[in-house]
Amino acid sequence: MDKLTVHFDDQPIYDIVFSESFDDLSQVLADFHLSSRRVCIVSESRVAGFYMEALKDVLRPLAREVVDFVFPEGEASKNLNTVQKLYERLILAHFDRKDLLVALGGGVVGDLTGFAAATYLRGIDFIQVPTSLLAQVDSSIGGKTGVDFDAYKNMVGAFHMPKLVYMNLSVLKTLSRRQFVSGMGEIIKHGLIKDLDYYHWMKEHREDILNLDLKALAKLIRRSCEIKRDVVERDPKEQGERALLNFGHTLGHAVEKLENFTMLHGECVSLGMVCAAFISRERGMITGEMYEDILETLKAFGLPVALETGNLEMDASDVRGIVELDASDVRGIVALDAREIVDTTRLDKKMEAGAIKFILLDPAGHAVIDKTVSETELMAAAQCIGGR
Ligand SMILES: NC(=O)c1ccc[n+]([C@@H]2O[C@H](COP(=O)([O-])OP(=O)(O)OC[C@H]3O[C@@H](n4cnc5c(N)ncnc54)[C@H](O)[C@@H]3O)[C@@H](O)[C@H]2O)c1
Ligand SMILES: [Zn+2]
């Protein structure tokens with residue numbers, strides 16, 4: 001069993017444990033004193049169907065009582081209504097301050113459970129059992145929790161650290177290919193902003209990674225967690241360096257919104273990374289070859305490098321935006337104007353005193369914050385991903 005420890009003010013706060021099953025969890029929880037604590041496993045319909053029973057089997061012998069709370073899968077559930085139902089469940093099951101929540105699922109479950117844990121009785125403990133690639137390398141680490149409010153993403157939230165992040169890497173076998181590839185967007189980002197050797201390693205091990213070889217996944221996920229951990233340890237409240245994790249997210253978020261969340265987050269980050277790499281190349285911060293290499297790598301992992309209108313495969317889980325959509329509302333990927341991409345970017349919250357906080361590569365493997373990106377550069381970048 002391999003682990004990483006996350007510190008805050010030089011004090012160890014929680015461990016991130018890597019395993020190939022749920023079996024090591026009992027050992028990891030040995031000093032959690034569960035025999036006197038109630039546990040509520042929070043999950044959503046799809047993930048619960050695969051893993052709820054296995055997790056209960058591990059927790060039942062350890063805990064005073066194990067209950068569950070399962071909500072419909074998808075971003076459309078990540079809101080205060082679901083949190084309210086969870087509070088009701090906890091109150092009716094007599095949960096008190098010393099009891100524990102377990103988030104079993106992707107980022108939606110992790111964010112919502114963490115927020116409920118931060119607020120129920122002014123804060124109770126929770127642990128993360130992330131099941132999507134994105135949740136394993138990104139959302140389960142760093143203590144950001146929250147829910148959407150109407151059409152506003154992550155509008156209500158709190159910083160609340162988990163007591164443990166436990167990853168069973170085998171659960172990725174049931175994740176859809178498209179969700180897995182989307183998670184790769186954030187992972188390739190980690191290499192580009194912090195560690196070019198890691199980026200090259202990924203390229204060399206692409207087949208093993210895409211075939212979900214557990215050894216390759218263990219190395220991949222551990223290194224990404226380490227990169228995210230190092231950044232959040234140095235900047236826990238997002239006042240400085242943590243902004244580097246937004247590489248690819250500035251124009252990426254604009255595309256995500258304009259496409260009404262029918263594209264997955266990592267796909268939009270991929271487009272945003274192409275834009276940021278384009279500006280970095282135009283400014284001479286990365287070479288033309290490196291720019292081409294980034295595009296080739298994203299494509300090799302199945303990520304888009306330009307808007308591919310209309311032709312993405314989608315299943316029910318992929319088409320749920322913030323607000324529940326009817327099947328008839330799903331229109332696939334639509335063409336966008338460069339102008340609307342840039343205008344939407346300007347409206348995004350990452351603006352500071354009128355200037356967009358842009359993350360560029362200087363050079364690849366080392367990201368920097370830049371507030372001088374001009375209108376002309378933004379328009380050219382939006383055009384390079386196919387904005388009209
Ligand atoms: N807190 C943070 O720092 C942070 C960072 C990034 C993203 N987020 C949030 O994370 C959310 C996105 O996370 P996500 O991509 O994991 O979304 P998600 O939780 O909706 O999971 C994506 C899909 O994969 C399915 N799934 C998950 N694990 C599975 C498994 N093992 N087998 C089969 N299916 C599985 C889910 O049912 C869902 O359909 C967003 O709400 C975003 O705002 C938070
Ligand atoms: Zn992201």
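Cut-offs and rules
- Residues numbered from 1 in each chain as written.
- Chains lettered and ligands numbered in written order.
- Predicted model: local features only at pLDDT ≥ 70, side-chain atom pairs only at ≥ 80, totals over all residues.
- Heavy atoms only, no water.
- Helix = DSSP H or I, 4+ residues; strand = E, 2+ residues; numbered from the N terminus.
- Rg over C-alpha atoms; globule rule 2.2 N^0.38 Å.
- Buried < 20%, exposed > 50% of the residue type's maximum accessible area, 1.4 Å probe, protein only.
- Contact = heavy atoms within 4.5 Å.
- Lys, Arg positive; Asp, Glu negative; His and termini not counted.
- Charge placed at Lys NZ, Arg CZ, Asp CG, Glu CD.
- Polar contact = N/O pair within 3.5 Å; in protein donor to acceptor, adjacent residues only side chain to side chain.
- Patch = residues over 30% accessible without salt bridge, like charges linked within 9 Å, V, L, I, M, F, W, Y side chains within 5 Å.
- Areas by Shrake-Rupley, 256 points an atom, 1.4 Å probe, with all protein chains shown as cover.
- Salt bridge = Lys/Arg side-chain N within 4 Å of Asp/Glu carboxyl O.
- Pairing = 2+ DSSP bridges.
- Near = heavy atom within 4 Å.
- Phe/Tyr/Trp six-rings, centres within 6.5 Å; stacked < 30°, edge-to-face > 60°.
- Axes fitted to C-alpha atoms, helices over the stretch in contact; angles between N-to-C directions.
- Expected span 1.5 Å × (residues − 1).

Draft legend 1. Region of the structure containing the overall build of the chain. When you go through the chain residue by residue, the secondary structure sums to 14 helices and 13 strands. Radius of gyration (C-alpha) of the chain: 20 Å, near the 21 Å computed for a compact globule of 388 residues. By principal-axis analysis of the C-alpha atoms, the chain measures approximately 60 × 45 × 40 Å. Taking all 388 residues of the chain together, 56% fall into the buried category. Pairs at least 24 residues apart make up 75% of the contacts formed inside the chain by residues separated by at least 6 positions. Within the chain, the 60 negative side-chain charges are centred at a point lying 4 Å from the centre of the 45 positive side-chain charges.

Draft legend 2. Examining the side chain of glutamate 75 more closely. By the secondary structure assignment, glutamate 75 is in the loop between strand S4 (65-71) and helix H3 (80-92). The class for glutamate 75 is buried, based on a relative accessible area of 16%. In terms of polar contacts, glutamate 75 uses its side chain to reach the side chain of lysine 153, at 3.0 Å.

Draft legend 3. A nonpolar patch on the surface, seen in detail. A cluster of nonpolar side chains, contributed by Leu80, Phe149, Tyr152 and Met155, occupies part of the molecular surface with about 420 Å² of accessible area. One can find methionine 155 in strand S8 (residues 152-159). By relative accessible area, which is 54% here, methionine 155 ends up exposed.

Draft legend 4. Geometry of the pairing of S8. Pairing geometry for strand S7 (residues 144-149) and S8, over 5 bridges, is antiparallel. Among the inter-strand pairings, valine 147 is bridged to a residue of S8, identified as valine 156. Counting the residues in the hairpin turn of S7 and S8 gives 2 residues, including aspartate 150, whose phi is positive at 50°.

Draft legend 5. Quick peek at the pattern of salt bridges. What the rule picks out here adds up to 31 salt bridges. Across the pair aspartate 195 and arginine 223 runs a salt bridge, and its minimum N-O distance is 2.9 Å. With aspartate 195 in the loop between helix H6 (177-194) and helix H7 (196-204) and arginine 223 in helix H9 (residues 214-234), the pair connects residues that are 28 residues apart, well separated along the chain. Residues joined in a network through salt bridges with shared partners are Asp2, Asp195, Arg222, Arg223 and Glu226.

Draft legend 6. Layout of the site of ligand 1. In the vicinity of ligand 1, 26 residues are found, and the nearest of them are Glu44, Glu73, Glu75, Ser132 and Thr174. Threonine 131 is positioned with one of its side-chain polar atoms (N or O) 2.8 Å from a nitrogen atom of ligand 1. Take serine 132: an N or O atom from its side chain is 2.5 Å from an oxygen atom of ligand 1. Surface burial for ligand 1 is 89%, taken as the share of its 850 Å² of free accessible area covered by protein chains. The set of elements that each furnish at least two residues to the shell around ligand 1 consists of helix H2 (45-59), helix H4 (107-119), helix H5 (133-139) and S8.

Draft legend 7. Structural detail: the environment of lysine 219. The topology assignment puts lysine 219 in helix H9. Look at lysine 219 and you get partly exposed, because its relative accessible area is 47%. For the pair lysine 219 and methionine 202, spaced 17 residues apart in sequence, the C-alpha to C-alpha distance is 9.8 Å.

Draft legend 8. Main features of the packing of aromatic side chains. Under the defined criterion, the tally for this structure stands at 6 aromatic pairs. Seen in terms of ring centroids, tyrosine 87 and tyrosine 120 are 6.3 Å apart; in terms of plane orientation they differ by 25°. Their pairing is stacked. With tyrosine 87 in helix H3 and tyrosine 120 in the loop between H4 and strand S6 (125-130), the pair connects residues that are 33 residues apart, well separated along the chain. The class for tyrosine 87 is partly exposed, based on a relative accessible area of 23%.

Draft legend 9. Highlighting the sheet that holds strand S1 (residues 2-8). Ordered in space as S1-S2-S9-S6-S5-S3-S4, the 7 strands form an open sheet in which the pairing is mixed. The strands lining the two open edges of the sheet, one partner per strand, are S1 and S4. Pairs of neighbouring strands in the sheet enclose a mean axial angle of 20°, with direction left out of account. Where strand S3 (residues 38-44) meets S4, 7 bridges bridge the pair, whose relative direction is parallel. Note that in S4 the partner of valine 39 across the bridge is valine 66. Each of S3, S4 and strand S5 (100-105) touches H2; the most contacted strand, S3, lies at about 160° to it. The strands touched by H3 are S3, S4 and S5; relative to S4, the strand with the most contacts, the crossing angle is about 160°.

Draft legend 10. Up close: helix H11 (residues 265-282). When the terminal C-alpha atoms of H11 are compared, their 26 Å separation across 18 residues agrees well with the 26 Å that a helix rising 1.5 Å per residue should span. Among the 18 residues that make up H11, 15 are buried, leaving the element largely enclosed by the rest of the structure.

Draft legend 11. Fine view of the pairing of strand S9 (residues 164-168). Across the 5 residues of S9, 5 count as buried, placing the element largely inside the fold. Residues of S9 alternate between two faces, with Leu164, Tyr166 and Asn168 on one and Val165 and Met167 on the opposite face, all of them buried. When strand S2 (residues 11-19) meets S9, the two strands line up parallel, connected through 5 bridges. When the bridges of S9 are listed, phenylalanine 18 appears paired with methionine 167. Here S6 runs beside S9; their pairing, made up of 2 bridges, is parallel.

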